[in-house]
Amino acid sequence: MRVLLVGAGGVGTAITRIAARRPFFEALVVADYDPARATAAVDATDDDRFHAERVDAGDEAAVADLLARHRCDVLLNATDPRFVMPLFRAARAAGATYVDMAMSLSRPHPDRPYEECGVRLGDAQFAEADDWAEAGALALVGMGVEPGLSDVFARYAADELFDEIEEIGIRDGADLTVDGHDFAPSFNIWTTIEECLNPPVVYEADRGWFTTAPFSEPEVFDFPEGIGPVECVNVEHEEVLLVPRWVKARRVTFKYGLGNEFIETLKTLHRLGLDRTAPVTVPGEQGPVRVSPRDVVAACLPDPATLGELMHGKTCAGTWVRGVKDGAPREVYLYHVVDNQWSMAEYGSQAVVWQTAVNPVVALELLATGAWSGAGVLGPEAFPPRPFLDLLTAYGSPWGQREQ
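Being a predicted model, the structure only gives us computed values, none of them experimental. Every chain is numbered on its own, with residues counted from 1 as its sequence reads. Since the coordinates come from a predicted model, pLDDT governs what is reported: local features require at least 70, and pairs of side-chain atoms require 80 or more to be given and counted, while whole-chain, interface and lining totals use all residues. Side-chain metrics in this entry use all non-hydrogen atoms of the structure; hydrogen atoms and water are not considered.

K.L.:
Please clarify how helix α3 (residues 60-69) should be interpreted in this entry.
P.N.:
Of the positions making up α3, those classed as buried are V63, A64, L66 and L67. The arc that holds the buried residues of α3, viewed along the axis, is 160°, so those residues lie on one side. What points out from α3, more than 90 degrees from its buried face, is the exposed set A61 and A68. By the convention used here, residues are in contact when the closest approach between their heavy atoms is within 4.5 Å. The numbering of helices and of strands both runs from the N terminus, where a helix is a DSSP run of H or I of at least 4 residues and a strand a run of E of at least 2. Buried residues belonging to α3 abut β1 (2-6), β2 (27-32), β3 (50-54), β4 (74-77) and α4 (84-94). R71 sits one or two positions beyond α3 and adopts a positive phi of about 55°. Throughout this description, buried means an accessible area under 20% of the type-specific maximum (1.4 Å probe, protein chains only), exposed means over 50%, and partly exposed covers the range between. Working definition: the arc comes from the directions between the helix axis and the C-beta atoms, pointing outward to the latter.

K.L.:
Could you clarify how one ought to interpret the packing of aromatic side chains in this entry?
P.N.:
To describe a pair of aromatic rings, you give the distance between the ring centres and the angle between the ring planes. Here the aromatic set is Phe, Tyr and Trp, taking the six-membered ring for Trp, and pairing holds for ring centres within 6.5 Å; pairs whose planes are under 30 degrees apart are stacked, those over 60 apart are edge-to-face, and all others are tilted. Inspection of every chain in the model, using the stated rule, returns 18 aromatic pairs. Consider the rings of F24 and F25, whose centres lie 5.3 Å apart with planes at 70°: the pair is edge-to-face. With relative accessibility at 14%, the residue F24 sits in the buried group. Given a relative accessible area of 4%, F25 falls into the buried group. Taking 6.2 Å as the distance between ring centres and 70° as the angle between the ring planes, the aromatic pair formed by F254 and Y256 counts as edge-to-face. One aromatic cluster in this structure is built from F221, F223, Y333 and Y335.

K.L.:
Whenever I open this one, α4 confuses me. Can you help?
P.N.:
One full turn of an α-helix is made of 3.6 residues, so residues set three or four places apart face in the same direction. Restricting attention to buried positions, one finds in α4 the residues V84, M85, P86, L87, F88, A90 and A91. Directly after α4, the chain includes G95, whose backbone phi takes a positive value near 75°.

Below you can see the structure in the form of structure tokens.
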């Protein structure tokens, strides 16, 4: 397997550190708009299978050329969601398998944003599913931790733990703190704003997909391994759009443990218009310039990849499932916890980015060995879950199961 990794930020760099320990690939090209970041990620591996390149992720022709030049048969997208579609199309043009960790962007309903879906996450990709399937090509979408591992958990629950499923709820929480920062998101702030301020999507079997207001339906969820109770709220996320396509459940939700201070900060950004992506004109040294308010916010905050030494605590991603097994009610929480102290000591990557990064590497290995295969635009739920969960454990990062 020869892989083109586009994006050498926190997650992309963590991917290289994890992949360097595995033998399943022949070459991995790390490409970024900033060549210094790509070079730093490659140099840290001390592995001649890795090569650095510069590429603009929005330039489909340049990406397709890079795939051809290095004879890469897989494109792994580690950029933010703005670049999903150009990279998705570049992979198709080059005849490469495509893997991402976040799907094409949504657009709220123009008149009823908190009741009806407009353009949903992944709609642009699924619109091209027939073309991929007819060509025998594979696009594995949403293969991070959430979405990704959480979707694998949903399929595992359906296959092995339940006869009928009433509800699947992705629940994400942490007790992470960052020394010296009042507000320092542990993940890409551009993506965080997008998913937290967009109308959350809920799925119900008798209603289909619909939306609610941001931060709706608060509940306190008790997370394992010492994290404890965290208030979680509805957030727009890919699992709600993916799980019902392959797993039968009466209701699917995604709730994120953000904390009141984090929510109020996001609300303030929204009130001030600083969450907008459309450029505004501001004065500059060389005259007026056009900038995106959200890009300014991202530039003012610390890079999440640099926060590892200042972070303490654990992060938990998991899937709560309620249903029936052998005629009796059952409720379980399938989860994956990463301790920041461990991930920093073992890989030099902070917990949130490492937890995201390990899952696409596991998926690539399954594709390389043939344990996973398919054609079309497929989510993680479309594949057998047990090989993934077994290999994740073999990577030294076991998952857990708790009866509720």
